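# Commentary on secondary and tertiary structure
Take a look at the letters that make up each chain.
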Amino acid sequence: MTDPSPYRTIHRRLVSAVQGPEKFSSDWKSVAEALPKLVRNDGFHYLQGALPETIRRKLAGSKAWAKVLRAAAKAEGGLISKASENAKARALLLKTLAHLYYYENGGERKLWVLSLPSVLTSHPIEFANESDALVDQVLNATTEAYSDEQKRRIDNAVITSLRWVERAMIVAGDPTRPAHRALLKRWFIPATHADIDGAIATFAPVLRRGLLKIAIGLKVGDLIVLDDPAQRGTNSSWEQSEAYTFTQNDVHAIWVEPGFWGNGNTLTGATNWARIIVHELTHNYCQTQDHSYSWQGLLPRESDVFRRVNNARVALQPDFPAVRTLTMAQCQTNADSWAFFCADAAGALSDGDRIAALGSKLYADTGWTAAQRIDRKLVTQ
């Protein structure tokens, strides 16, 4: 079992498999001519968003995808070809694209979902140097990792996340408005900070620029959602996670794993799915870190009863504390803080959600009841 690697390592192999139209059969000429326009060094280009569906239509009704794909790539006869031509790679490129889905919403949001066959433990293109028999098995595999309903839910989560990000941009763009100031203070500024307004004025433009990067990325079709075949069935921490990404990646990708669909986090269902997407996007576009997750606590604190409780808990679990508060510097670079701020700015959180995310365990250690926590305005101060 190996750790995941940035998607670019796979994508570069897809790019290298794109060859001239003469390498494909004549009845696939239009597809072959469009391949270099779709599969580019920086990802997939939205102007060719219909191409994967065209490939699926050509495969529709076939009981043996291998036969059709081999013919399309001029890789018949045992997939024999010169190494420089790499006919297997051409067939496996078409195979990959047959499991690629493009979603667009009124020209506002563009998304790619790569849902590879669930039986595979590697990307199809990684089988280019394997035996003909094994390549045929890969080409013939059809049942995908994501169901149609899961693909729709991922798409809806991205739509929601863009709505949240755009609303959060409005808040960060007008930080002196009382309601906006309260939101920014809640998630990013410790209550005991000496110059709260100055801290907000400094951080709000930084926050807005980061959110703008995310919004642009979602609108131009940067984002690719996939899972890692190498983690399937391993019961690894990667497979059990909700999602992950790589911050030094030149292709914007988010791995959505089985934990994404679970109910073990602070939020659940569609709200949590959108929160996960925003969390990972802040890593990918803004290089945020994971100082603390909502189940540990996101409360911005420098010194008070909560910080003292936090320090005591951290002392008991120094490697991975179950409860956290965050300094101002930490919360302003913390992915879950950004994600919950966006959700709060969009009106997606209840008082109970805020208490849970900011640190319900910390509140419990104070001995205050839920009513007292709300009454003392710890979620709104």
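Nothing here was measured: the structure is a model prediction, and the numbers come from that model.

### Examining the overall build of the chain
Counting its secondary structure elements, the chain contains 17 helices and nine strands. With 381 residues in all, the chain has 53% of them scored as buried. The contacts in the chain between residues at least 6 apart in sequence include a share of 73% that link residues at least 24 apart. Accessible area of the chain: about 16,100 Å², with a carbon and sulfur share of 50%.

### As for the sheet that holds strand β6 (residues 243-244)
Strand order in the open sheet formed by five strands is β3-β4-β5-β7-β6, and the pairing between neighbours is mixed. The open sheet has two edge strands, β3 (100-105) and β6, and neither has a second partner. As judged from the two bridges shared by β6 and strand β7 (residues 253-256), these two strands associate in the antiparallel manner. Pairing of Y244 across the sheet is with W255, part of β7.

### Points about the pairing of β7
In summary, the side chains of a regular strand alternate between the two faces of the sheet. Burial along β7 is two-sided: the face carrying A253 and W255 and the face carrying I254 and V256 are both buried. In terms of strand pairing, strand β5 (residues 224-226) meets β7 through three bridges, oriented parallel. Following the sheet pairing, V225 is matched in β7 by I254.

### So, helix α1 (residues 8-17)
Within α1 the residues assigned to the buried category are I10, H11, L14 and A17. Each buried residue of α1 sits inside an arc of 115° when the element is viewed along its axis, so together they form one side. Within α1, the exposed residues directed more than 90 degrees away from the buried face are R12 and S16. Next to the buried residues of α1 lie β1 (39-40), β2 (43-44) and α6 (87-97).

### Comments concerning the packing of α6 against helix α7 (residues 132-140)
Two elements in contact, α6 and α7, have axes whose closest approach is 10 Å; the angle formed by their N-to-C orientations is 15°. Classified by the interaxial angle, the pair formed by α6 and α7 is roughly parallel. Between α6 and α7 the crossing geometry is left-handed. Side by side, α6 and α7 meet where K88, A91, L92 and K95 of the first sit next to D132, V135, V138, L139 and N140 of the second.

### A short note on the pairing of strand β4 (residues 109-114)
With six of six residues buried, β4 lies mostly within the body of the structure. Across the two faces of β4 the burial is the same, with R109, L111 and V113 and K110, W112 and L114 all buried. Pairing geometry for β3 and β4, over six bridges, is antiparallel. Bridge pairing in β4 places E104 opposite K110. Bridge analysis of β4 against β5 gives two bridges, and the strand direction is parallel.

### A closer look at the packing of aromatic side chains
Here a ring pair, both rings aromatic, is described through the centre-centre distance and the interplanar angle of the planes. Under the criterion given, the structure shown has 13 aromatic pairs. On the basis of an interplanar angle of 75° and a centroid distance of 4.8 Å, the ring pair of F260 and W261 is categorised as edge-to-face. Following the ring pairs from residue to residue traces out a cluster consisting of F188, F203, W338 and F341. For R90, the ring lying beneath its charged end belongs to F24, and the centroid distance is 5.9 Å. Above the plane of the ring of Y101 lies K151, whose end atom (NZ or CZ) is 4.5 Å from the centre.

### What about the side chain of D228?
Along the polypeptide, D228 turns up in the loop between β5 and α11 (237-240). Nearest to the buried, unbridged D228 among oppositely charged side chains is R232, at 7.3 Å. Not counting chain neighbours up to four residues away, the residues in contact with D228 comprise P4, Y244, W255 and E257.

### With respect to the nonpolar core
Residues W187, F188, L207, L211 and F341 are the most contacted members of the largest nonpolar core, which totals 60 residues. Sequence-distant contacts of F341, defined by excluding residues within four places in its chain, comprise A168, V171, L183, L184, W187, F188, L207 and L211. Of all hydrophobic cores here, the second largest spans 50 residues; its members include L14, A73, L93 and L120.

### Describing the confidence of the model for the chain
Considering every residue of the chain, the mean pLDDT works out to 89; 87% of them sit at 70 or more. Overall, residues 79-84 carries pLDDT values under 50, and its contacts beyond four positions in sequence, including any with other chains, amount to six contacts. Counting interchain partners and residues more than four positions distant, the pLDDT-below-50 stretch residues 377-381 has 18 contacts.

### Examining unusual backbone geometry
The backbone of K74 shows a phi angle near 55°, a positive value even though the residue is not glycine. The topology assignment puts K74 in the loop between α4 (65-72) and α5 (76-79). Residue class for K74 comes out partly exposed when judged on its relative accessible area of 42%. Non-glycine residue Q287 carries a positive phi angle of around 55°. Relative to the helices and strands, Q287 is located in the loop between α12 (269-286) and β8 (299-300). In this structure Q287 comes out as partly exposed when scored by relative accessible area, which is 39%.

### Focus on the pattern of salt bridges
Working definition: two side chains of opposite charge can pair if their charged atoms are close together. Here the structure, examined in full by the defined rule, presents 19 salt bridges. Here R354 makes a salt bridge to D351, at a shortest N to O gap of 2.8 Å. Remark: D351 and R354 occur in helix α16 (residues 351-366); sequence separation between them is three residues, near one turn of the helix. For D351, a relative accessible area of 29% puts it in the partly exposed group. Through salt bridges with shared partners, a single ionic network connects R186, D344, D351 and R354.

Calculation rules
- Residues numbered from 1 in each chain as written.
- Predicted model: local features only at pLDDT ≥ 70, side-chain atom pairs only at ≥ 80, totals over all residues.
- Heavy atoms only, no water.
- Helix = DSSP H or I, 4+ residues; strand = E, 2+ residues; numbered from the N terminus.
- Buried < 20%, exposed > 50% of the residue type's maximum accessible area, 1.4 Å probe, protein only.
- Contact = heavy atoms within 4.5 Å.
- Areas by Shrake-Rupley, 256 points an atom, 1.4 Å probe, with all protein chains shown as cover.
- Pairing = 2+ DSSP bridges.
- Arc of directions from axis to C-beta.
- Axes fitted to C-alpha atoms, helices over the stretch in contact; angles between N-to-C directions.
- Parallel < 35°, antiparallel > 145°, perpendicular 65-115°, else oblique.
- Left-handed = near helix turned anticlockwise from the far one by under 90°.
- Phe/Tyr/Trp six-rings, centres within 6.5 Å; stacked < 30°, edge-to-face > 60°.
- Lys NZ or Arg CZ within 6 Å of the ring centre and 35° of its normal.
- Lys, Arg positive; Asp, Glu negative; His and termini not counted.
- Salt bridge = Lys/Arg side-chain N within 4 Å of Asp/Glu carboxyl O.
- Core = buried A, V, L, I, M, F, W, Y, C linked by side-chain atoms within 4.5 Å.
- pLDDT = per-residue confidence, 0-100.

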